[in-house]
Amino acid sequence: ERIDGAWRNTSLVAKGSVADAPGVQGRQVDLDVTMDQARIEDILWLAVKAPNPPMTGALTLKTRMVLPPGKVDVVKKLLLDGKFTLSTSRFTNLDVQKKIEALSQRSRGQVTPAAAEHVVSDFTGSFKLANGVLTIPRVAFGVPGSVVRLSGTYGLTSEAIDFKGTLY
């Protein structure tokens, strides 16, 4: 069945099932989730403990979501497999955003910083979540003048980040 949901400035459509799992007490959730009009800050609001989200921007996302039954922490048993696009994003930490703006300026050959330039970033990629580890096998991150291609992992409970990539 189809479920339409919304919170803050984000909406989603989910289709799938919630069914008894054979041989296990409880039900398994198996959904295809589509977010055509979402905001990354709304998703981060659900997932990040900080009072302010680390970034803002428009998000589109399609993912398969499986939540098996059992008395295991949701973060460890949730399975995701999807693709996303994040556009016109900005980092809310001013130091990080200034570094992104400096990267854009240098890659365009600008020696002196432009006054009050508001550089936005665009991301596109795929992701998988299993055992509490978010794996991003490929993501392209662009600002005016540069593209960064990355891959790596992020531990949801450990908060360990391990990404490698190339700047073009």
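Residues numbered from 1 in each chain as written. Predicted model: local features only at pLDDT ≥ 70, side-chain atom pairs only at ≥ 80, totals over all residues. Heavy atoms only, no water.

Novice: Explain the pairing of strand E6 (residues 121-130) to me, using residue names and the numbers behind them.
Specialist: Across eight bridges, the pairing between strand E5 (residues 79-91) and E6 is antiparallel. The residue bridging Leu-86 from the neighbouring strand is Phe-123, located in E6. Pairing analysis gives eight bridges linking E6 to strand E7 (residues 133-143), with the strands arranged antiparallel. Bridge pairing in E7 links Phe-123 to Phe-141. The loop that links E6 with its antiparallel partner E7 comprises two residues; one of these, Asn-131, has a positive phi angle of about 55 degrees. (Pairing = 2+ DSSP bridges. Helix = DSSP H or I, 4+ residues; strand = E, 2+ residues; numbered from the N terminus.)

Novice: So what about the sheet that holds E6? Which residues, and what values?
Specialist: The strand order E1-E2-E3-E4-E5-E6-E7-E8-E9 describes an open sheet built from nine strands, whose pairing is antiparallel. Each edge of the open sheet carries a strand with a single partner, namely strand E1 (2-7) and strand E9 (161-167). Each neighbouring strand pair of the sheet contributes to a mean axis angle of 15 degrees, computed without reference to strand direction. Direction of pairing for strand E4 (residues 55-67) relative to E5: antiparallel, over a ladder of 11 bridges. Paired with Met-55 across the bridge in E5 is Phe-91. (Axes fitted to C-alpha atoms, helices over the stretch in contact; angles between N-to-C directions.)

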